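Structural features, examined
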Amino acid sequence: MGLTGGLTRRELVAAFLGAAVANASCRKERPRAQVPGALVDRAVETGHRLRPGSGTAPLPRAKEIQNVEVLIAGGGVAGLSAAWRLRGAGVKDLLLLELDEALGGTARSGKNAVSAFPWGAHYLPAPLQDRGPAAKLLHEMGAITGTRDDGTPEIAEQLLVCEPDERLFYRGAWYPGLYLRAGASADDLAQLHRFERRMVALSALRDGRGRKVFAVPLEEGSDDAEWTALDRISMAEWLEREGFTSPRLRWYVDYACRDDYGAPAERISAWAGLWYFCARRDGEKENAGFLTWPEGNGRLVRQLSSSLLPKQHRTNVLVHTLEPKDGGWLAHAWDAQKKAPLGFFARQVVFAGPRFVAGYVVAPWRTARPGFLDAFVYGPWAVANVTLNQLPLGRGYPICWDNVFYESRSLGYVVATHQREVATDVGPTVLTWYYPLDGADVRAERQRLLQADYNAWEALVMADLRAAHPGVDDLVTRIEVMRWGHAMIRPVPGFVWGGARTKAQASIGGSLHFAHSDLGGLALFEEANWHGVRAAEQVLAALGRSVSSWLG
Amino acid sequence: MNRSLLFLTVLVIATCGLVYELIAGTLASYLIGDSVTQFSTAIGVYLSALGLGAYLSRFIERAVARRFVEIELAVAFVGGISAPLLFLCFSFTGGFRVALYLVVIAIGTLVGLEIPLLLRILKDLVRFKDLVSQVLTFDYAGALVASLLFPLILVPKLGLVRTSLLFGLVNGAVGLWSTWLLRPALGEVQRLRLKAVGVCALLFVGFVMGERLTWFYEDQLYADDVVMAKSSPYQRIVVTRGRRGFSLFLNGHLQFASVDEYRYHEALVHPAMVYAPSHRHVLILGGGDGLAAREVLRYPDVETITLVDLDDAVTTLGTTWDELAEQNGHSLTNRKLKIVNTDAMQFLAEGDGKYDVVVVDFPDPNNFSLGKLYTTRFYRLLKRRLAPGGTVVIQSTSPLFARQTYWCVVQTLEAAGFWTRPYHALVPSFGEWGYVLAAPEPRSRVHPLPPGLRFLDDETLEGMTKFPPDMSRVPAEVNRLNNQVLVHYFEEEWRKWD
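These notes cover the structure that comes with them. (Residues numbered from 1 in each chain as written. Chains lettered and ligands numbered in written order. Predicted model: local features only at pLDDT ≥ 70, side-chain atom pairs only at ≥ 80, totals over all residues. Heavy atoms only, no water.)

**Remarks on the overall build of chain B**
The helix and strand inventory of chain B stands at 18 helices and 11 strands. Relative to the globule expectation of 23 Å for 498 residues, the C-alpha radius of gyration of chain B, 31 Å, shows a markedly less compact shape. Here the C-alpha coordinates of chain B stretch approximately 100 × 40 × 40 Å along the principal axes. Relative to its 498 residues, chain B shows a buried fraction of 54%. Look at the contacts in chain B between residues 6 or more apart in sequence, and 73% of them connect residues 24 or more apart. Carbon and sulfur atoms form 59% of the exposed surface of chain B, whose accessible area is close to 21500 Å². Side-chain charges of chain B comprise 46 positive and 47 negative groups, with the mean position of each set lying 6 Å from the other. (Helix = DSSP H or I, 4+ residues; strand = E, 2+ residues; numbered from the N terminus. Rg over C-alpha atoms; globule rule 2.2 N^0.38 Å. Buried < 20%, exposed > 50% of the residue type's maximum accessible area, 1.4 Å probe, protein only. Contact = heavy atoms within 4.5 Å. Areas by Shrake-Rupley, 256 points an atom, 1.4 Å probe, with all protein chains shown as cover. Lys, Arg positive; Asp, Glu negative; His and termini not counted. Charge placed at Lys NZ, Arg CZ, Asp CG, Glu CD.)

As structure tokens, this is what we get:
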């Protein structure tokens, strides 16, 4: 069977997931019925109409121009956070436009008869301190139930990831945790211990001004050169330098980088790698764990969106041009559903899309493209939601929230029904399977992502699951796959503290402001949320409204 | 002599031979675990036994056809009873591995004898090169048939025991049939046919009773006779009977023994009932056997009982199986009682009715699913469903065998904002057993005990709260959804006793 580029199933699996999965799952090339399903990404075609020379005619412009006080282009977490902040300040004349058919960006979620499920971001680490905009949002939705004397938040128990939380599949059996302890040598364990002690020490570090070195959002942390120098080397180089050679530890750090940043330690800056291990703790004090919901961060999207009235947001609308006019901005847009042009004039605009889109949309940048735009690198991902008529069986430790295959290039799967308030594990479920295309050449990786069709992704998902769950073929009823071409900003060495990020945050003419997780350099809810609120507060200041900041 | 029919015989005996071999391998990996090792050693032993059989065939010099039929009947018998025999060995004796390899060697040797003998029978009828080619073709074709049938049809449809008996039967039938096929070479056939019929009849009876045989070997895992066994989507339910009455097991864990369950259930139900100012509306979580409900119904002023049990197989058993219905005083068919077959946590989270007394009688927290039913989250949901003045009682494992587990339940209830009154009672089938009476505010006793109790009186009721030093309170963490410490405590502590 030719699947992609004439590869056999076995070759395809070996190329995407590694030889171990291919050996375990494709021993018998016996014909099997394909699981029904589909690719569900739609926005790619519309989005590509932005690109010059994409072969399509330039989009027409509307004759009628609608006035709006504040326009937000982009309905992901950053745009929604900006809207949430503006609504919190009582701004009414507000319009948010989203290209996709649903709000949320990579925090979008879906739902079927069995369960809600995430299409991307699926958890939020509990804030270390009860302050800042993310904590405020969690209060609003009842996820933080109180504040302790030491300033740490009390989190609603049912929202923290239920035990058992994580397990690892290795050569025929599941083991608890994400570090492979089974068969670890004394040296492996000694290195793990030293690594953990090192992270505890780094997480407690303060700079000369008393700022935590690794903080959430990273703007709150230290920008002292002493630490930001770590951004210039890769996490793999840092491990090497510090004498961390244990293959299991390297695997663990690699997994962390691939899971949070979409690329292995050799392609991620050491500063970002260390941030991952140190930002959510302060010395011995750890945060309360991960908050999660069946729909993942779709729950947070719902909370942010609930601040908007129906007339204040539209989906399926692509803002393709922003032109300065009379101290404000003219926004030309395309209604992808009605296939009709739209035009707006806004006094204030928040552009809440990624930099690679801003380069096409902000009209002055088309002729004078700022150099900092080229520093932004985005990694592609595939996410599959797999519906099963019951939980899959496996040997060893029981099924967890996060289930990872040690010998696969995928990130494993998360169980959407894990947080259900029921005490039985009988019945259908949805598993969300993650695969980052983590090669250095992101353009080639994007091609690889889009060339693989449903047949290929179905074969990959099933091969990955089959290796750990014999008999899973009989349980899977449907697979849906989302291909994210630009899933997340990649904190490659030199990016986070290289200057481009700070330059890209500057507003234009006091009326066009920018918000997105890429401005934080890390594709995380807290970054997108913080930059959304920051941009909204710039809008409020420009509109002359005096408000107290939510950022502090 | 019809040659093509003889080759068909080759096909059948080859199929049967491989099926026996697959059964032995599968059984070994079922019962011992480690499927790769078990399968490959079983196959290795089988193949070498084939060689042994082939070697031994040279010592058969006379009456080759007759020996051939006899060997076929022997294969039919040994192969046919192999699976039930091995199951029995597993239940009865410690020597399962020895039995397994003996059976594999016996079958392998006998099957190994078959083909050389057959070749010798046919050597005068067929040219040698055709003979070898055709016999081996059918032999390998038979292996293919077996390897396809076994995983696709036989195991899923029939199970191992009946597959083994069925193929023994087929094998025996071929033996019987070959008494006609080889008639000229056999001499006197009456006795041979009788033997064949005997083997077939034996295996046929076994096949028909196969269902009950499965039951029979489960019997051996329990001390008493198994009188009822069924599987629900959630658990395996087994009832056993001995001289002192009957017992109910869920997934192999004893739930009650009829001889002393009154101690367990009186101690479970009455403290909560006499400490609650009102007991008009009672909720029982778990307790699908109806025995706790029987105790609740001793109070005439009880108006409604809501019994929430996940598994309708258990509540059906308590309703329709006469002996249990008698034991629970037909409580499950009482008009005051309503059965709700749903998840207890979901029931608490999704409803809003209030109850005066809640009896929590779940299985011990031996896995993460059950562990959820002992968390602060669960107890907070429970508190929300209590009427003013309401009380709760929780069966909380043994404070003697699982001391930290027991006190962890107390600690967790307190962390969820409950006042607690821990107590314990001796239930011989279980040992020292622990309960926790709890309420949102401290309470004291307001009602007398009902008449007719066999275990509890006023003095016993007071005495139960005293914990001797070996059961007294030990520090424990709070059991939450995101740590499930209780499951870890439980596993650790019971491991010492098992």
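**Some details on helix α18 (residues 485-495) of chain B**
Think of an α-helix as 3.6 residues a turn; residues three or four steps apart then line up on the same face. Looking only at α18(B), the buried set comprises B:V485, B:L486, B:V487, B:Y489, B:F490, B:E493 and B:W494. Contacts from the buried residues of α18(B) go to α14 (368-371), α16 (403-415) and β11 (431-439) of chain B.

**A closer look at the interface of chain A and chain B**
In this assembly, 19 residues from chain A lie in contact with 25 residues from chain B. Here chain A packs against chain B, burying approximately 1700 Å² in sum over the two surfaces, 53% of which is carbon and sulfur. Broken down residue by residue, the surface that chain A buries against chain B is led by A:E157, A:E163 and A:E421, which jointly contribute 40%. A salt bridge links A:E421 to B:R377, with the shortest nitrogen-to-oxygen separation between them at 2.5 Å. The interface formed by chain A and chain B holds 11 residue pairs in polar contact (both at pLDDT 80 or more) in total. A class-by-class count of the residues in the side of chain A that touches chain B yields 10 nonpolar, 3 polar and 6 charged. (Buried area = accessible area lost by both parts, 1.4 Å probe. Salt bridge = Lys/Arg side-chain N within 4 Å of Asp/Glu carboxyl O. Polar contact = N/O pair within 3.5 Å; in protein donor to acceptor, adjacent residues only side chain to side chain. Nonpolar A, V, L, I, M, F, W, Y, C, P; charged D, E, K, R; others polar.)

**Looking at the packing of α16(B) against α18(B)**
Residues and elements named next belong to chain B. At a minimum axis distance of 8 Å, the contact between α16 and α18 shows a crossing angle of 160°. When the axes of α16 and α18 are compared, the pair comes out roughly antiparallel. By crossing handedness, the relation of α16 to α18 is classed as left-handed. Contact with α16, carried on its side by R403, Q404, T405, C408 and V409, involves V485, L486, Y489, F490 and E493 of α18 and no other residues of that element. (Axes fitted to C-alpha atoms, helices over the stretch in contact; angles between N-to-C directions. Parallel < 35°, antiparallel > 145°, perpendicular 65-115°, else oblique. Left-handed = near helix turned anticlockwise from the far one by under 90°.)

**Things to note about the environment of B:D130**
You can see B:D130 is positioned in helix α5 (residues 128-181). Expressed as a C-alpha distance, the spacing of B:D130 and B:L297, which sit 167 residues apart in the sequence, is 83 Å.

**Some points on the sheet that holds strand β6 (residues 304-308) of chain B**
All names here are of chain B. Taken in spatial order, the 7 strands of this open sheet run β7-β6-β5-β8-β9-β11-β10, and their pairing is mixed. The open sheet terminates on both sides in strands that have one partner only, identified here as β7 (337-340) and β10 (419-427). Across the sheet, the axes of successive neighbouring strands diverge by a mean angle of 15°, strand direction being ignored. On the sheet, helix α9 (residues 261-275) packs against β5 (281-286), β8 (355-361), β9 (386-395), β10 and β11 and is oriented at approximately 155° with respect to β10. Along the sheet, helix α15 (residues 376-384) makes contact with β5, β8 and β9, crossing β9 at roughly 145°. (Pairing = 2+ DSSP bridges.)

**A word on the side chain of B:T375**
Among the structural elements, B:T375 can be located in the loop between α14 and α15. In this structure the side chain of B:T375 is engaged in a polar contact, spanning 2.8 Å, whose partner is the backbone oxygen of B:K372. B:T375 has contacts with A:E157, B:M345, B:T412, B:N479, B:R480 and B:L481, leaving out every residue within four places of it along the chain.

**So, the pairing of strand β18 (residues 378-388) of chain A**
Residues and elements named next belong to chain A. Taking burial as the measure, the 11 residues of β18 include 11 buried ones, the bulk of the element. Side-chain alternation along β18 places Y378, P380, A382, A384, V386 and L388 on one buried face and G379, W381, V383, N385 and T387 on a second face that is also buried. Bridging between β18 and strand β22 (residues 476-489) involves 10 bridges; their strand directions are antiparallel. Looking at the pairing, V383 lines up with M482 of β22. With 8 bridges joining them, β18 and strand β21 (residues 429-436) adopt antiparallel strand pairing.

**Structural notes on the pairing of strand β7 (residues 144-147) of chain A**
Residues and elements named next belong to chain A. As paired elements, β7 and strand β8 (residues 153-155) share 3 bridges and run antiparallel to each other. Each residue of the ladder has a partner; that of T147, found in β8, is P153. Connecting β7 to the antiparallel partner β8 that follows it, the hairpin turn spans 5 residues, and G151 within it adopts a positive phi of roughly 85°.

**Examining the sheet that holds β18(A)**
All names here are of chain A. Here 8 strands make up an open sheet; going across it, the order is β1-β22-β18-β21-β20-β19-β9-β10 and the pairing mixed. In this open sheet, the two strands that pair with only one neighbour each are β1 (37-39) and β10 (173-176). With direction set aside, neighbouring strand axes in the sheet form an average angle of 20°. Note: β1 against β22, 3 bridges, orientation parallel. Within β22, the residue paired with L39 across the bridge is V481. Those strands touched by helix α9 (residues 247-261) are β9 (166-170), β18, β19 (402-405), β21 and β22, and its axis lies near 120° from that of β19.

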